[in-house]
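# Coordinate analysis (summary)
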Amino acid sequence: VSGYFEVFLSYVLIGLLVQEKEYGTLKQHFIDGMSRIDWMVGKSFVVLFLSLVAVALLAGNAVSFLDPSLFSGETLPQSLQIVAAVFLRVFGILTIATLFGVMVTQTVKGIFLFTAYVLFGETLLGYLLNYASGQEIAFWLPYNRFRSMLPAPWSGLENIMVGDLGDAPLIEFPVLPLLVY
């Protein structure tokens, strides 16, 4: 679920950055005296804000729709660790999207280049780097690192506990990682 949300936020961020250039807002900021460092700090705050919104929506959905006990008692440290990993993952992916939004001058080109990089570019680059060096380098490329911050949710499904509460079986499995992944 979160993977699609990250892509949507990335597209929105690329659109915001490119439209600021298209409509002359960026040029007007610089004419009015804003430095480039101030502009980049402002964009970093936008990325930070979008990351916090994504984490808040995810945590709110997990608590209200799935299981209120995810953020209480014994599961609190594990849930907070997952929430922190989601924040870092979204923040990193939006930072990559910021790079594409700053580099291009048209929204469609920025979204296309970002999508091509995510789907094909990093995979191909990783393959070429692995082949040329003889070592596993592709794992350390930025998008792969951010995507691998959360474990695959089905990796814990071998520990499904099935209990019996009368006639209805009780099945416990990692709900929050499934929602995040």
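What this report covers is the structure whose coordinates are included nearby. (Residues numbered from 1 in each chain as written. Predicted model: local features only at pLDDT ≥ 70, side-chain atom pairs only at ≥ 80, totals over all residues. Heavy atoms only, no water.)

## A look at the packing of aromatic side chains
How we decide: Geometry of aromatic contacts follows a simple scheme: Phe, Tyr and Trp rings, the Trp one being its six-membered ring, pair when their centres are within 6.5 Å, and the pair is stacked under 30 degrees between planes, edge-to-face over 60, tilted otherwise. Under the scheme applied here, a residue whose accessible area is under 20% of the maximum for its type counts as buried, over 50% as exposed, and between as partly exposed, the area being computed with a 1.4 Å probe on protein chains only. Each helix corresponds to a stretch of at least 4 residues labelled H or I by DSSP, and each strand to a stretch of at least 2 residues labelled E; elements are numbered beginning at the N terminus. Lysine and arginine charges are scored as sitting over a ring when NZ or CZ, respectively, is within 6 Å of the ring centre and within 35 degrees of the ring normal.
Enumeration over the complete set of coordinates arrives at 6 aromatic pairs. Judged by centre distance (6.5 Å) and plane angle (65°), the rings of Phe30 and Trp39 are edge-to-face. You can call Phe30 partly exposed: its relative accessible area is 25%. By relative accessible area, Trp39 is classed as buried at 10%. Aromatic pair Phe100 and Phe114: ring centres 5.8 Å apart, planes at 75°, arrangement edge-to-face. Placement of Phe100 in helix H4 (residues 76–103) and of Phe114 in helix H5 (residues 107–133) is noted, with a sequence separation of 14 residues between them. Like Phe100, the residue Phe114 is buried in the burial classification. Each member of the aromatic cluster is reached from another via a ring pair, and the members are Tyr11, Phe100, Phe114 and Tyr117. Above the plane of the ring of Phe30 lies Arg36, whose end atom (NZ or CZ) is 4.8 Å from the centre.

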